[in-house]
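Structural features, examined
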Amino acid sequence: MKIYNSATHQKEEFKPIEEGKVRMYVCGPTVYDNIHIGNARTFISFDVIRRWLIASGYEVTFAQNLTDVDDKIINRANEQGRTAAEVAEEFSTKFIDVMHRANVMDPDIRPRATKEIGPMIGMIKSLIEQGHAYAADNGDVYFAVRSDPAYGEVSGRKVDELMVGARIAAGEEKRDPLDFALWKAAKPGEPSWPSPWGDGRPGWHTECAAMVHRYLGCPIDIHGGGSDLAFPHHENECAQATCCWHEGFANTWMHTGMLLVDGEKMSKSLGNFFTLEEVLEKHSAAALRLLMLQTHYRSPLDFSWERLDGAESSLARIAGTVENLRWAARHAAGNPDVAAADALGEDLAAFGRTYTSCMDDDFNTAGAIAAVFEAVTRANHYLEDTQARDAVDEGAALAAAGVLANWLGTLGIELPEPKEELPVGLLGVAAGLVGYTGDDVDEAAERILTARADARAAKNWELADAIRDQLRDMGLVIEDTAAGSRLKHS
Ligand SMILES: [Zn+2]
């Protein structure tokens, strides 16, 4: 398996630190608002990456934090006259709920910044003792960027270039404009915790370094996040961890590309800003994921409602094929064509190899999904051919349905449940047409289809058409195959 390491700018053969195991960390949200679909892209991408690692046989330990104390949360709380803890609690719960709705697996470990103050203070103390950090007179503690010769390696930046435009903001007591806060002295009305440097709260970059070390151990195999986090957030996380523990931090850095809406950057002022919640109110999580995975995770993703409608149709087409394969298998009553079944099996195996090699090549989901679409077309050809000759092979049709559903399921795309249940109203139709008085809807459907077949055999087109029209009014269509006729939701 090859993975693109954004710190080295190349695809590398993936070798976990501990054989068969992967330790993985992805920065979570700052919980001050509902997440938007750009954030969602990152979390869905890493969910797919995690699922593929698991499907490949790795035992994956996945940690993701909740940043539940931060300037944005404090500002939101002040605007709304609430406490920062109330705001953080509300949006933590909403984030977890909407991740479930998006079919994103829960992390194995979900640390919260406010519950990790002790380990963070311990890390900061050690950094001061080792000469990598200093406490200012105002109670802030800063990391001394120039004390870390490796600074810039995660994001590919040079310290001297970073100096251009670097400023010390009002109220900061940095020795060097590049330095960043590990601990911020409490301002009136802000949440704070006691520390050796007075009451305060941790800086944002501090929590992930402390959590990775505490819950996964340094170094980890994969550290991920949106590409906007590479600098300064990931650079700063890495500087703290490597200067504190001298064990390395992350072997592979992975960053997801940005999400555009109709080709433009998403922003509230442009009116093209969508939360994940509002997208999932209108569309299925499976369609959104299918849309997202048709673009490689590192490339910019163009979201539009039209593309999402298109993904919904593609999904329905795949689900229809899977349903047709299962139905054909159940009704296979003729002489199965063994050669056609074998040919289908061989072709699907070849598509399966393409799917796997794409996923093993830096999680090329677009290629994997293209292979699924080709397999769907192939399965449809098989059905057209063999149903016309009443030569469906039950095992081959079921196996094909299974692999299609499986390939999508591995990516976290759940096919919509087939609308197999026929409407109860068929009982009334059957009573009127054929005098059926039982309460078995499937039996009623069989009787109606038989009545129609009899009418056609007797060239009673008027009756056959009348039956068809009554069914159509109930949202049903008749599909005639050599294996018999079936009723389907239209
Ligand atoms: Zn982080």
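The structure reproduced in this document is the subject of the present report.

**Let's talk about a negative patch on the surface**
Residues Asp262, Glu264, Asp302, Glu306 and Asp309 make up a contiguous surface patch of negative charge. The residue Asp309 is located in helix H10 (residues 305-330) in this model.

**Quick notes on the coordination of the zinc ion**
Coordination of the zinc ion by the protein comes from Cys27 (SG), Cys208 (SG), His233 (NE2) and Glu237 (OE), over a distance range of 2.0 to 2.2 Å. Bound by four donor atoms, the zinc ion shows angles of 79 to 127° at the metal and therefore irregular coordination geometry. All donor residues of the zinc ion come from one chain, and their arrangement in sequence is C-x180-C-x24-H-x3-E. Of the two residues, Cys27 sits in the loop between strand S3 (21-26) and helix H1 (37-55) while Glu237 sits in helix H7 (residues 230-245), which places them 210 residues apart along the sequence. In this structure Cys27 comes out as buried when scored by relative accessible area, which is 4%. Of the residues examined, Glu237 reaches a relative accessible area of 0% and is grouped as buried.

**Here's the deal with the side chain of Thr42**
Assignment of secondary structure puts Thr42 in helix H1. Dropping the residues within four chain positions of it, Thr42 is found in contact with Gly225, Gly226 and Thr256.

**Re unusual backbone geometry**
What you tend to see is this: most non-glycine residues have negative phi, and most peptide bonds are trans. Here the amide bond leading from Cys218 into Pro219 is cis, since omega sits at -5°, within 30 degrees of zero. Along the chain, the position of Pro219 falls in the loop between helix H6 (204-216) and strand S9 (220-226). Omega for the bond connecting Phe231 with Pro232 falls within 30 degrees of zero, at 0°, which places this linkage in the cis form. Tracing the backbone shows Pro232 in helix H7. At Asn103, a residue that is not glycine, the phi angle is positive and equals roughly 65°. Inspection of the secondary structure puts Asn103 in the loop between helix H3 (84-101) and helix H4 (117-129). Given the relative accessible area of 24%, Asn103 is considered partly exposed. Positive phi, close to 55°, is recorded for Phe363, a residue that is not glycine.

**Overview of the sheet that holds strand S6 (residues 141-143)**
The strand order across the open sheet formed by four strands is S5-S6-S7-S8, and the pairing between neighbours is antiparallel. This sheet does not close on itself; its edge strands, each paired only once, are strand S5 (133-135) and strand S8 (200-202). Pairs of neighbouring strands in the sheet enclose a mean axial angle of 20°, with direction left out of account. Judged from the three bridges that link them, S6 and strand S7 (residues 180-185) form a sheet pairing that is antiparallel. The residue bridging Tyr142 from the neighbouring strand is Ala181, located in S7.

About the criteria used
- Residues numbered from 1 in each chain as written.
- Predicted model: local features only at pLDDT ≥ 70, side-chain atom pairs only at ≥ 80, totals over all residues.
- Heavy atoms only, no water.
- Patch = residues over 30% accessible without salt bridge, like charges linked within 9 Å, V, L, I, M, F, W, Y side chains within 5 Å.
- Areas by Shrake-Rupley, 256 points an atom, 1.4 Å probe, with all protein chains shown as cover.
- Salt bridge = Lys/Arg side-chain N within 4 Å of Asp/Glu carboxyl O.
- Lys, Arg positive; Asp, Glu negative; His and termini not counted.
- Charge placed at Lys NZ, Arg CZ, Asp CG, Glu CD.
- Helix = DSSP H or I, 4+ residues; strand = E, 2+ residues; numbered from the N terminus.
- Donors = N, O, S within 2.8 Å, 3.2 Å for Na, K, Ca; no water.
- Tetrahedral: all angles 85-135°; square planar, octahedral: opposite > 155°, others 65-115°.
- Buried < 20%, exposed > 50% of the residue type's maximum accessible area, 1.4 Å probe, protein only.
- Contact = heavy atoms within 4.5 Å.
- Pairing = 2+ DSSP bridges.
- Axes fitted to C-alpha atoms, helices over the stretch in contact; angles between N-to-C directions.

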